[in-house]
Amino acid sequence: MAIISRGFRGRRTEDRDRLPPGQYEERGFPVLSAGPTPRVPLDRWEFAIDTEAERTHRWTWDELMALPAETPTVDIHCVTKWSKFDTTWEGVSLDVLFEDVETTADYALVHSYGGYTTNLPLEDLLDGKAWIVHRFDGEELEPRHGGPARLLVPHLYFWKSAKWVRGIRLMTEEWPGFWETAGYHDYGDPWREQRYQGD
Amino acid sequence: MSIEHLDGNALAGPLGEIFAVDVTAATGRCASCGLAGPVASLRVYGPEPGLVARCPGCEEVVLRLVRGPGAAWLDLRGTISLRVPLPD
Ligand SMILES: [Zn+2]
């Protein structure tokens, strides 16, 4: 007979199915940084979407807070091999921010306070797949985790979820971002283990 | 506030995999502000997902190094030059 209770074994099996190839479960929240943590005062914070036709849509902090918020609970997967289950966030869906944006662009280059960039196809930001989040685990998002606001795109490796997000530039051709120009994969699907170029 | 970065000596091992000379002893010049100084004096963030070495003067990226399985990617766009001490 099994010594481990059915419930416990059931949970373990379920969690293993949630782990993409090559990943392990992490209960903490590691901080990886490529530079100093930017400090952005909320009265000077803004988020902008620039289209390929040079149109800019801007939101101040207060304008972002006035938009309908969602509270996604998602698993996140870092390319350095840790995954964290059931992370809880609060923020604005990019579907809301893109409502009045006219574009035929296929690609997005996300840019951040502090100079970080990352690229992804525009369709990966839409249809309920991405948010600008400003709260984590019921608290204001800490600067070391990307506060005041970061992008959240949980279906791709977490480097795509740019901390300290400042804006999105829409482009007709793909333009590789910070890690994508230094060997990391252009798309970064954890389920296909797209860590490095050529994966 | 805690120090977020390492110093440039953290680059010695990873760069030693690529170069025969000790690059941390070389003098680099920042492409952004022109400041020259030993590579060992750079502010290094990482090591994961990659090493990012920034200028102590202007904080711009001077050098990046990503080590994947079977390959390393080295980006020196932020470096104007490296002066490498060599015997006569
Ligand atoms: Zn500099």
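Preceding this paragraph is the structure being described.
Quantities reported herein were computed from a predicted structural model and do not represent experimental measurements. Along every chain, residues carry numbers that run from 1 in the direction the sequence is written. Following the order in which they are written, the chains are lettered starting with A and the ligands numbered starting with 1. For this predicted model, a pLDDT threshold of at least 70 governs which residues receive local features, and a threshold of 80 or more governs which side-chain atom pairs are given and counted, while totals over whole chains, interfaces and linings are taken from all residues. The basis for every side-chain value is the complete set of heavy atoms in the structure, and neither hydrogens nor water enter the calculation.

A. Summary view of the packing of aromatic side chains. For Phe, Tyr and Trp, rings pair up if their centres lie within 6.5 Å, where Trp contributes its six-membered ring, and each pair is then called stacked (planes under 30 degrees apart), edge-to-face (over 60) or tilted (otherwise). Inspection of every chain in the model, using the stated rule, returns 16 aromatic pairs over all chains. Look at Tyr 157 of chain A and Trp 159 of chain A: their rings are 5.9 Å apart centre to centre, the planes differ by 15°, and that puts the pair in the stacked class. A network of ring pairs unites the aromatic residues Tyr 116, Tyr 157, Trp 159, Phe 178, Trp 179, Tyr 184 and Tyr 196 of chain A together with Trp 73 of chain B as a single cluster. The ring of Phe 178 of chain A is capped by Arg 64 of chain B, whose NZ or CZ atom sits 4.4 Å from the centre of that ring. Lysine NZ or arginine CZ positioned within 6 Å of the ring centre and within 35 degrees of the ring normal marks a charge as sitting over the ring.

B. View of the pattern of salt bridges. Residue and element names in this part refer to chain A. Throughout this description, the term salt bridge denotes a Lys or Arg side-chain nitrogen within 4 Å of a carboxyl oxygen of Asp or Glu. As enumerated under the stated definition, the model contains 14 salt bridges over all chains in all. Asp 75 serves as the salt-bridge partner of Arg 18, at 2.7 Å between the closest nitrogen and oxygen. Placement of Arg 18 in the loop between helix 1 (6-17) and strand 1 (24-25) and of Asp 75 in strand 4 (residues 73-77) is noted, with a sequence separation of 57 residues between them. Considered together, Arg 18 and Asp 75 belong to a single accessibility category, that of buried residues. Of the charged contacts, one joins Arg 195 and Glu 193 as a salt bridge, the two residues approaching to 3.1 Å between their closest N and O atoms. Judged by relative accessible area, Arg 195 falls into the buried class, the value being 4%. For helices the rule is a DSSP run of H or I covering at least 4 residues; for strands it is a run of E covering at least 2, with both sets numbered from the N terminus onward. The cut-offs for exposure are 20% and 50% of the maximum accessible area for each residue type, with area from a 1.4 Å probe on protein chains only; residues under the lower value are buried, those over the upper are exposed, and the others partly exposed.

C. Representation of the coordination of the zinc ion. Residue and element names in this part refer to chain B. Because water is not among the atoms used, a metal site may look incomplete, as its donors are only the N, O and S atoms within 2.8 Å, or 3.2 Å for Na, K and Ca. Only Cys 30 (SG), Cys 33 (SG), Cys 55 (SG) and Cys 58 (SG) from the protein coordinate the zinc ion, and they sit 2.3 to 2.4 Å from it. For the zinc ion, the four donor atoms in the first shell make angles of 104 to 113° at the metal, a pattern classed as tetrahedral. Read in sequence order, the donor residues for the zinc ion give the motif C-x2-C-x21-C-x2-C. Within this pair, whereas Cys 30 is found in strand 2 (residues 27-30), its partner Cys 58 is found in the loop between strand 5 (51-54) and strand 6 (61-68), the two being separated by 28 residues in sequence. Irregular is the label for any site that misses the other tests, which are tetrahedral for four donors with all angles between 85 and 135 degrees, and square planar for four donors or octahedral for six when opposite donors exceed 155 degrees and the remaining angles lie between 65 and 115.

D. Inspection of the sheet that holds strand 7 (residues 117-121) of chain A at higher detail. Residue and element names in this part refer to chain A. Any two strands between which DSSP finds at least two bridges are classified as paired. Reading across from one edge, 3-2-11-6-7 is the order of the five strands in this open sheet, with mixed pairing throughout. This sheet does not close on itself; its edge strands, each paired only once, are strand 3 (56-60) and strand 7. With strand direction ignored, the average angle separating the axes of adjacent strands in the sheet is 15°. To get an axis, fit a line to the C-alpha atoms, keeping to the stretch in contact for a helix; angles then go from 0 to 180 degrees between the N-to-C directions.

E. Here's a closer look at the side chain of His 134 of chain A. All names here are of chain A. Checked against the element boundaries, His 134 lands in strand 8 (residues 131-136). Judged by relative accessible area, which is 9%, His 134 ranks as buried. Two residues form a contact once any of their heavy atoms are found within 4.5 Å. With sequence-adjacent residues up to four places away left out, His 134 is seen in contact with Trp 61, Met 65, Glu 90, Gly 91, Glu 139, Glu 140, Leu 141, Pro 148 and Ala 149.

F. Up close: the layout of surface pockets. Throughout, the protein atoms alone are placed on a 1 Å grid, and a set of points is a cavity if a 1.4 Å probe fits but cannot get out or a pocket if it is open with protein on both sides within 12 Å along at least five of seven lines; lining residues have an atom within 4 Å of a point. Grid points are joined across faces, edges and corners, and a volume is the space filled by probe spheres set on the points. In this structure, the largest pocket encloses a volume near 910 Å³. Among the elements of the structure, strand 6 (107-112) of chain A together with strand 6 of chain B are those that each provide at least two residues to the lining of the largest pocket. As a working rule, the residues Ala, Val, Leu, Ile, Met, Phe, Trp, Tyr, Cys and Pro are called nonpolar, Asp, Glu, Lys and Arg charged, and the rest polar, with Gly in that last group. Tallied by class, residues from the lining of the largest pocket come to 24 nonpolar, 13 polar and eight charged. Space inside the second largest pocket adds up to approximately 260 Å³. Together, 15 residues line the second largest pocket, and Tyr 184 and Tyr 196 of chain A together with Glu 48, Pro 49 and Arg 67 of chain B are the ones closest to its centre.

Spatial relationships are all this shows, so hold off on functional conclusions.
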